[in-house]
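So you can see what is in the structure, the chains are spelled out below.
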Amino acid sequence: MPRNSSGKAGPVGRRLNATVSAHAGPEPHDQGGLLNPPVHRASTIIYEDVDAYMGRHNGLYDEVIYGLYGVETTFALGDAIAALENGAATVITPSGTSAIALGLSAFLSTGDHALVVDTVYGPTRRFCDEVLARFGVEVEYFDPLLGEGIARRFRENTRVLYMESPGSLTFEMIDVRAMCAAAAKREIVTMLDNTWATPLFCRPIELGVDVSLISATKYLSGHSDAMIGALTARTQDLYRRLKDWTARWGARAGPDECYLVHRGIRTLDVRMERHQKNAEALIQFLRQRPEVRGVLYPALPDDAGYPLWRRDCTGASGLFGLVLDPVSAEGARQFFNGLKVFSLGSSWGGYESLLVPASPAPTRTQRVAPDGYLVRVHAGLEDVSDLIIDLEHAFQRLARAPAASESRT
Ligand SMILES: *Cc1c(COP(=O)(O)O)cnc(C)c1O
C-alpha cells in the first residue's frame with residue numbers, strides 16, 4: 001500500500017511556513033477529498049499473494065506493512081513534520097523522551113564517546129547517565145557557549161554531538177552552525193532538540209544538524225492531550241538507520257495521537273504568534289517588578305543569546321525563565337498556591353499558561369545557573385491582562401510571606 005508523498009517545500013520564510021503547516025501531509029484528493037489524514041488503526045496487514053507477502057520488508061521505510069511500523073496516519077504526520085523541518089524524512093515515536101532515547105542510542109555503541117550540552121533537558125541527562133553509561137558509552141557534558149571550541153573536545157571515538165538550543169530552564173543559545181561545521185569534518189552525528197522553537201521558528205537541518213528532534217507533545221499538539229516525538233533526518237540514510245532502530249525497539253506511536261498532532265499543526269502558526277506576543281507582554285510586566293532579578297529569553301535584545309537567536313530563529317515561543325530574589329518555602333506556597341489563571345504543572349506548549357519552580361543547579365557541571373529563585377513560565381493563549389492580574393496578586397501574596405533564608409530554588 002504505497003502512500004502519498006507530501007509536496008515538500010524548499011527553504012521558506014515565516015509566512016510560507018504558515019502555508020506549509022496548513023497543508024503539510026497527504027494531498028486531500030488522494031484520500032477521497034478528506035482534508036486531514038484519517039485515523040487508521042491496524043496491527044495485521046494482509047497481502048494479495050505470497051510474492052507480495054515475502055517482499056513486504058522492502059516497504060519498511062515508506063509503506064504500511066505492519067501496525068508496529070506505522071500506518072497511513074503515522075506516515076502522514078512524518079511527511080508533515082519533514083516538510084516543516086525541511087528534512088529528508090521523519091520517524092514518529094511515542095513521546096519526545098522516546099525520540100531522545102532512540103535517537104541517541106541509534107548512533108552509539110559500547111566504547112563510543114558522546115558530547116552532550118550541559119543545559120540539556122533533565123530526562124535526556126538521566127538517559128545519558130543511567131542508560132548510556134550502563135551500556136559503556138562515555139558521555140561528556142559541554143558548555144553551551146563553547147562555540148567552535150567544541151572541536152577541542154572531539155576524540156577518536158566521538159560519535160554524537162547532542163545539542164539543545166536554547167537550553168532547558170536557563171535558555172542559553174548554542175552556536176549551532178559553528179558546532180555542526182566542526183563536527184562535519186569528523187563524521188560525528190549532530191542532533192538537536194528543537195522543541196522550544198518548533199520547526200516553525202527554527203530549522204536545525206538548514207543550520208547543519210543531522211537529526212532534529214522535537215517533543216510534538218508540546219506546541220505541535222498544542223492541546224495538552226497527546227504525546228508524540230519526532231526524529232527528522234537530513235538524509236535518507238540517516239532516516240533508515242533511525243527507522244530500523246525504532247522498529248527493533250518496538251516503539252510505535254498510536255494513530256490517534258498522530259492524528260491529534262497533525263490536527264494541531266494546522267493552527268501552529270497562529271498559536272505560536274500568540275504565545276510569543278503573550279510572552280513578550282508578560283516579560284515587559286515582569287521586568288518592572290522589584291522582585292525580579294532577570295528574565296531568561298533569547299529573544300530579548302539584552303539577552304546574551306540574542307545575536308544567535310536572531311541569526312537562527314524566525315520567532316520565539318511562549319516559554320521563558322524568571323529569576324526572582326530568593327523566596328522562602330512559605331513564600332513559594334503563597335506565590336503558587338493562589339493562582340487563578342496560571343496553573344502549576346510540568347510540560348508546556350499547550351493553550352494554557354503554566355508556572356513551575358525550576359532547579360537546574362544540582363545537575364549542571366559546566367555552566368552555573370543564575371543565582372536566585374528560578375520559575376519557569378509558559379505563556380499560554382489566554383488574554384494577557386488576566387495573566388498579568390494573576391501575577392500581580394501572586395506578588396502581593398509573596399510580599400506578605402516571611403523573607404527567604406535560602407538563596408536558590
Ligand atoms: C518535554 C520535553 C521533551 C520530552 O517530551 P515528552 O513528549 O514529554 O516525552 C524533550 N525535550 C524537551 C526540551 C522537552 O521540554
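Above this text is the structure in question.
All values derive from a computational prediction rather than experimental measurement.

A. Molecular detail of the overall build of the chain. Of the regular secondary structure elements, the chain holds 13 helices and 12 strands. The C-alpha radius of gyration computed for the chain amounts to 22 Å, which stays within 12% of the reference 22 Å derived for 409 residues, consistent with globular compactness. Expressed as lengths along the three principal axes of its C-alpha atoms, the size of the chain is roughly 75 × 50 × 35 Å. Considering the chain as a whole, with its 409 residues, one finds that 57% of them fall into the buried category. Sequence-distant contacts in the chain: of pairs separated by 6 or more residues, those separated by 24 or more amount to 75%. Put simply, the chain shows about 17,600 Å² of open surface, and 51% of that area lies on carbon and sulfur atoms. In the chain, 42 positive and 48 negative side-chain charges are present, and the distance between their average locations comes to 2 Å.

B. Structural detail: empty space enclosed by the protein. Under the criterion given, the structure shown has two cavities of 30 Å³ or more. In this structure, the second largest cavity encloses a volume near 40 Å³. Ser165, Met173, Val176, Leu192, Cys202, Pro204, Leu207, Asp312 and Cys313 together form the lining of the second largest cavity. Tallied by class, residues from the lining of the second largest cavity come to seven nonpolar, one polar and one charged.

C. The sheet that holds strand β2 (residues 113-117), seen in detail. The strand order across the open sheet built from seven strands is β1-β7-β6-β5-β4-β2-β3, with neighbouring strands paired in mixed fashion. Lying at the two open borders of the sheet, with one neighbouring strand each, are β1 (89-93) and β3 (138-142). When strand polarity is set aside, the average angle formed by the axes of neighbouring strands in this sheet is 20 degrees. By the bridge criterion, four bridges tie β2 to strand β4 (residues 158-164) in an arrangement that is parallel. Across the sheet, the residue bridging to Val116 is Tyr162, located in β4. Each of β2, β3 and β4 is contacted by helix α5 (residues 122-132), which is oriented at about 150 degrees to β3, the strand it contacts most.

D. View of the nonpolar core. Of all hydrophobic cores here, the largest spans 127 residues; its most connected members are Leu104, Met163, Met191, Leu282 and Tyr297. Excluding residues that lie within four positions of it along the chain, Met163 makes contacts with Val117, Phe142, Ile174, Val176, Met179, Cys180, Thr190, Met191, Leu192, Asp193 and Val209.

E. Highlighting the packing of aromatic side chains. Tallying each qualifying case throughout the model produces 10 aromatic pairs. Three or more aromatic residues joined by ring pairs make a cluster, and in this case those are Trp196, Tyr297 and Phe320. Over the ring of Tyr53 we find Arg56; its NZ or CZ atom is 3.9 Å from the centre of that ring. The ring of Tyr141 has Arg125 sitting right over it, with the charged end atom 3.7 Å from the ring centre.

F. How the structure looks around the sheet that holds strand β9 (residues 319-324). Ordered in space as β8-β9-β12-β11-β10, the five strands form an open sheet in which the pairing is mixed. Looking at strand neighbours, the two that pair on one side only are β8 (292-296) and β10 (343-344), the edges of this open sheet. Of the strand pairs in this sheet, β10 and strand β11 (residues 354-357) are connected by two bridges, and their pairing is parallel. Across the sheet, residue Ser343 finds its bridge partner in β11, namely Leu354. Sheet contacts for helix α12 (residues 329-337): β9, β10, β11 and β12 (373-378); angle to β11, the most-contacted strand, approximately 170 degrees.

G. Representation of the layout of surface pockets in the model. Approximately 740 Å³ is the volume found for the largest pocket. In terms of lining, the largest pocket is formed by 37 residues, of which the most central are Tyr121, Gly122, Pro123, Ser168 and Arg376. Sorting the residues of the lining of the largest pocket by element identifies α4 (96-106), α5 and β6 (211-215) as the ones contributing at least two each. Here the lining of the largest pocket takes five residues from α5, the largest share from any one element.

H. Looking closely at the side chain of Ser21. Looking at the element boundaries, Ser21 is found in helix α1 (residues 14-23). In this structure, Ser21 is in contact with Leu84, Leu200, Ile265, Arg266 and Asp269, ignoring residues within four places of it in sequence.

I. Looking closely at the environment of Tyr61. With respect to the secondary-structure elements, Tyr61 resides in the loop between α2 (50-54) and α3 (72-85). The exposure class of Tyr61 is buried, given its relative accessible area of 14%. Along the chain, Tyr61 and Gly149 lie 88 residues apart, while their C-alpha atoms are 37 Å from each other.

J. Main features of the site of the ligand. With respect to spatial proximity, 13 residues lie near the ligand, and among them Gly96, Thr97, Asp193, Thr217 and Lys218 are the closest. In the model, an oxygen atom of the ligand is placed 2.6 Å from a nitrogen or oxygen of the Thr97 side chain. Contact distances for the ligand include 2.6 Å between an oxygen atom and a side-chain N or O atom of Thr217. Judged by the proximity of its atoms to the pocket grid, the ligand belongs to the largest pocket. Examining the composition of the shell around the ligand, we find that three residues originate from one element, α4, more than from any other.

Rules of the game
- Once a new chain begins, its residue numbering starts again from 1 and follows that chain's sequence as written.
- Where totals are concerned, whole chains, interfaces and linings use all residues; where local detail is concerned, this predicted model gives features only for residues with pLDDT of at least 70, and gives and counts side-chain atom pairs only at 80 or more.
- To get the side-chain values, take all heavy atoms of the structure and skip hydrogens and water.
- In this description a helix means any DSSP run of H or I spanning at least four residues, a strand means any run of E spanning at least two, and both kinds are numbered starting from the N terminus.
- Radius of gyration here uses only the C-alpha atoms, and the compact-globule reference equals 2.2 Å multiplied by the residue count raised to the power 0.38.
- Burial classes: relative accessible area under 20% of the type maximum marks a residue as buried, over 50% as exposed, and values in between as partly exposed (1.4 Å probe, protein chains only).
- Contacts are assigned to residue pairs with any non-hydrogen atoms lying within 4.5 Å of each other.
- Each accessible area is a Shrake-Rupley estimate made with a 1.4 Å probe; only the visible protein chains count as cover when residues are assessed.
- We count Lys and Arg on the positive side and Asp and Glu on the negative side, and we leave His and both chain ends out.
- We put the charge of a Lys on NZ, of an Arg on CZ, of an Asp on CG and of a Glu on CD.
- Think of a 1 Å grid over just the protein atoms. A cavity is a set of points where a 1.4 Å probe fits yet cannot get out, a pocket is an open set with protein on both sides within 12 Å along at least five of seven lines, and lining residues have an atom within 4 Å of a point.
- Grid points are joined across faces, edges and corners, and a volume is the space filled by probe spheres set on the points.
- Note that Gly is not counted as nonpolar here; it falls among the polar residues with everything else outside the nonpolar set of Ala, Val, Leu, Ile, Met, Phe, Trp, Tyr, Cys and Pro and the charged set of Asp, Glu, Lys and Arg.
- One bridge is not enough; two strands pair if DSSP finds at least two bridges between them.
- Here the axes come from fitting lines to C-alpha atoms, over the contacting stretch only for helices, and the angles between their N-to-C directions go from 0 to 180 degrees.
- What makes a nonpolar core is a set of buried Ala, Val, Leu, Ile, Met, Phe, Trp, Tyr and Cys residues whose side-chain atoms join them at distances within 4.5 Å.
- Two aromatic rings from Phe, Tyr or Trp, using only the six-membered ring of Trp, form a pair when their centres are within 6.5 Å; if the ring planes differ by under 30 degrees the pair is stacked, by over 60 it is edge-to-face, and anything between is tilted.
- Only when the NZ of Lys or the CZ of Arg is both within 6 Å of the ring centre and within 35 degrees of the ring normal is a charge said to sit over the ring.
- Here a residue counts as near a molecule or strand whenever at least one of its heavy atoms sits within 4 Å of it.
- As used in this structure description, the phrase polar contact means that two N or O atoms lie within 3.5 Å; if the pair is within protein, one of them must be able to donate a hydrogen and the other to accept it, and residues adjacent in sequence are counted only when both atoms belong to side chains.
- Placement in a cavity or pocket follows one criterion, namely that more than half of the molecule's atoms lie within 2 Å of its grid points.

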